[in-house]
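Summary of structural features
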Amino acid sequence: MTSLTQSDAWQNLLSHFATIKDQHLRDLFASDPARGKTFTLQAAGMFLDYSKNRINAETMKLLIALAEDAGLKSRIEAMFTGEKINTTEDRAVLHTALRAPRDATIMFEGKNVVPDVHEVLDRMADFTVRITSGDWKGHTGKPIRNIVNIGIGGSDLGPVMAYEALRYYSNRDLTFRFVSNVDATDFSEATIDLDPAETLFIVASKTFTTQETMTNAESAKQWLLEGLKTDESAVAKHFVALSTNAESVQAFGIDTDNMFGFWDWVGGRYSMDSAIGLSTMLAIGPSGFGELLDGFNEMDNHYRTAPLDQNLPVIMGLLNLYYTDFFGSQTTAVLPYDQYLSRFPAYLQQLTMESNGKHVTLDGDQVDYDTSPIFWGEPGTNGQHSFYQLIHQGTHLIPCDFIAFTKSLNSIGDHHDKLMANVFAQGEALAMGKTADEVRAEGTDESLVPHRVFEGNRPSNTILIEKLTPSVLGKLVALYEHSVFTQGVIWQINPFDQWGVELGKQLAKAIIPELSPNDADLSHDSSTNELIRRYRSMK
């Protein structure tokens, strides 16, 4: 594999970067009155304004050439057609099959996987109707009123984010809670005010061995049995499993008829539209979940078929790579101006950083360029009164993605106009800034002028959508999924493994038995040994 940084496409972009890196967005806009229309793209019901990036037409041409040189189109097709592109785990990457329509054909190892996907979706829908209709009764005969999802990583972040994002559409007769942390406080606070007789636990673990999830599941079982003052026969009426390990599920006490499976070609952080989304379906119903899947699928089709220079995920992925590797930007801020998307930045942290936080190429060679930036964010306008100071006047270059909706789901007075005014104002302020002369013209004392100057030239994208719906959420998630893949292809890394999470887990398993007070020898580094001894003595 040719070294990325030695390729002609990279070197051409590097030479061009030297000519544009110091140009200010004020000048770029002044020299091109049509810029605000030129660098925009509309597809799949989304409008992307990327004109406030430190680019010109030549930059975009060279970024597209970089994608072409990486064989992006062929890699996209390889993903969609079930090739085992996750080479370090010898797996296909077919999360796109999870949202394919019922009549689609997606072959993997000689079999069309779509019927299997829809068989699980149909079982989820039947189960949802049984719960929401009151047909499913708990051990004491009471209907289910509380749903507690127990998972971690992709088995938690996706369901939590989706529930919060789609709360407007949710069944308000049901209470939803989410438990992920092995810290007992998480479980205790999630269940403290719930009636065990009306509570259903969803245990989400593909292997049914995940330490945090199974620890919480065992505590949930104990909580249930103590609360109902009954034996383990009650478990089957209050637990279902999202897993493929039927033996362990059955041993736990869950009826395997209430086990919803998925496949090795579904990575955890790409699984919110699989059986892992059962809590989402329970919240918004089978119809709403179908709309969510349709949104995913619409963005999938756009990504697969649109020319690279008219492709939303490609454009966003290339811009992210551009700032990471050429400007040396270390972070990206995702700033949704919708309270329902409060958990979206947290969801993207796993999607982006677990996917592309890699230090070697597919060939195992050390990279000589930065890969994934750190993703973070907070809904507007809260963030404006928190970290925006750093974005505007700090020493770090932080590209921003603004996400906004033209219609509010909760229209009260002029709230939404004020919200949207802030979106547009922040993008303008970041790009244009305020010069010393402009500050002086306002009558500012000279001693304060430096403090009130805004350099500007801070890049941002603005994604404008009509309103937040289940379909739109699917499109947004797929947009970032495919942006991540675009970057991974060009960086020549594997976005679909996550070996980096393993070492700490292995060490934790070894340390657990060492924490009970005893005189056993410790073989860790001196710092870890002393911390364990201090914990023993204070415990």
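Residues numbered from 1 in each chain as written. Predicted model: local features only at pLDDT ≥ 70, side-chain atom pairs only at ≥ 80, totals over all residues. Heavy atoms only, no water.

**Some details on the overall build of the protein chain**
In plain terms, the rule: A helix here means a DSSP run of H or I that spans at least four residues, while a strand means a run of E at least two residues long, and both kinds are numbered starting from the N terminus. Values of the radius of gyration come from C-alpha atoms, whereas the globule rule sets the reference at 2.2 Å times the count of residues to the power 0.38. When a residue's accessible area, from a 1.4 Å probe over protein chains only, is under 20% of the maximum for its type it is buried; when over 50% it is exposed; and in between it is partly exposed. Only heavy atoms enter the contact rule, under which two residues are in contact if any of them lie within 4.5 Å. All accessible areas in this document rest on Shrake-Rupley with a 1.4 Å probe, and a residue is counted as covered only by the protein chains that are shown. We count Lys and Arg on the positive side and Asp and Glu on the negative side, and we leave His and both chain ends out. Charged side chains are reduced to one point each, which is NZ for Lys, CZ for Arg, CG for Asp and CD for Glu.
Secondary structure assignment for the protein chain yields 21 helices and 13 strands. The globule rule puts the C-alpha radius of gyration for 539 residues at 24 Å, and the 25 Å found for the protein chain is close to it. The principal-axis extents of the C-alpha atoms in the protein chain amount to approximately 75 × 60 × 55 Å. When burial is assessed residue by residue, the protein chain has 53% of its 539 residues classed as buried. Residue pairs in contact within the protein chain that sit at least 24 positions apart in sequence constitute 72% of those at least 6 positions apart. Accessible surface, the protein chain: about 23400 Å² in total, of which carbon and sulfur atoms supply 49%. Of note, the protein chain has its 44 positive side-chain charges centred 3 Å away from the centre of its 70 negative side-chain charges.

**Thoughts on the pairing of strand β6 (residues 175-179)**
We apply this condition: Any two strands between which DSSP finds at least two bridges are classified as paired. A clockwise course of the path from the first strand over the helix to the second, judged with the strands pointing away from the viewer, identifies a crossover as right-handed.
Relative to β6, strand β5 (residues 146-150) is paired through five bridges, and the arrangement is parallel. Considered in β6, the bridge of isoleucine 147 is made with phenylalanine 176. Note that the unit made of β5, helix α7 (residues 154-165) and β6 has a crossover that is right-handed.

**Points about the pattern of salt bridges**
Keep this limit in mind: Each reported salt bridge corresponds to a side-chain nitrogen of Lys or Arg within 4 Å of a carboxyl oxygen of Asp or Glu.
A full pass over the atoms with the stated rule returns 26 salt bridges. A salt bridge links aspartate 122 to arginine 102; the shortest N-O distance between them is 3.0 Å. Of the two residues, aspartate 122 is situated in helix α6 (residues 114-133) and arginine 102 in the loop between α5 (72-80) and β3 (107-108); the sequence distance between them amounts to 20 residues. Of the residues examined, aspartate 122 reaches a relative accessible area of 32% and is grouped as partly exposed. One salt bridge in this structure joins arginine 458 and glutamate 455, with 3.2 Å as the shortest N-O distance.

**Examining the environment of serine 329**
The line we're drawing: Contacts described as polar in this section are N or O atom pairs within 3.5 Å, which, within protein, must combine one atom able to donate a hydrogen with one able to accept it, while residues neighboring in sequence count only if both atoms come from side chains.
Its place among the elements puts serine 329 in the loop between α13 (312-325) and β10 (331-336). Separated by 44 residues in sequence, serine 329 and proline 373 have C-alpha atoms that sit 7.4 Å apart. Here serine 329 is in contact with Tyr323, Thr324, Leu397, Ile398 and Pro399, once residues within four sequence places are set aside. Reaching out from serine 329, the side chain makes a polar contact with the backbone oxygen of threonine 331 at a distance of 3.2 Å.

**A word on the packing of aromatic side chains**
The criterion, for reference: Here a Phe, Tyr or Trp ring, Trp counted by its six-membered ring, pairs with any other such ring whose centre lies within 6.5 Å, and the pair is stacked when the planes are under 30 degrees apart, edge-to-face when over 60, and tilted otherwise. A ring has a charge above it when a Lys NZ or an Arg CZ is no more than 6 Å from the ring centre and no more than 35 degrees off the ring normal.
Following the criterion strictly, the structure yields 29 aromatic pairs and no others. With a centroid separation of 6.2 Å and an interplanar angle of 90°, the aromatic rings of phenylalanine 17 and tyrosine 322 are classed as edge-to-face. With phenylalanine 17 in helix α1 (residues 8-20) and tyrosine 322 in helix α13, the pair connects residues that are 305 residues apart, well separated along the chain. Residue phenylalanine 17 is classed as buried on the basis of its relative accessible area, which comes to 9%. Relative accessible area serves as the criterion here: at 0%, tyrosine 322 is assigned to the buried category. Among the aromatic side chains, those forming a connected cluster through ring pairs are Trp10, Phe17, Tyr322, Tyr323, Phe326, Phe327 and Tyr369. Lying across the ring of phenylalanine 29, arginine 35 places its NZ or CZ 5.3 Å from the centre. Directly above the ring of phenylalanine 252 sits lysine 221, whose terminal nitrogen or CZ lies 4.1 Å from the centroid.

By themselves these figures say nothing about function.
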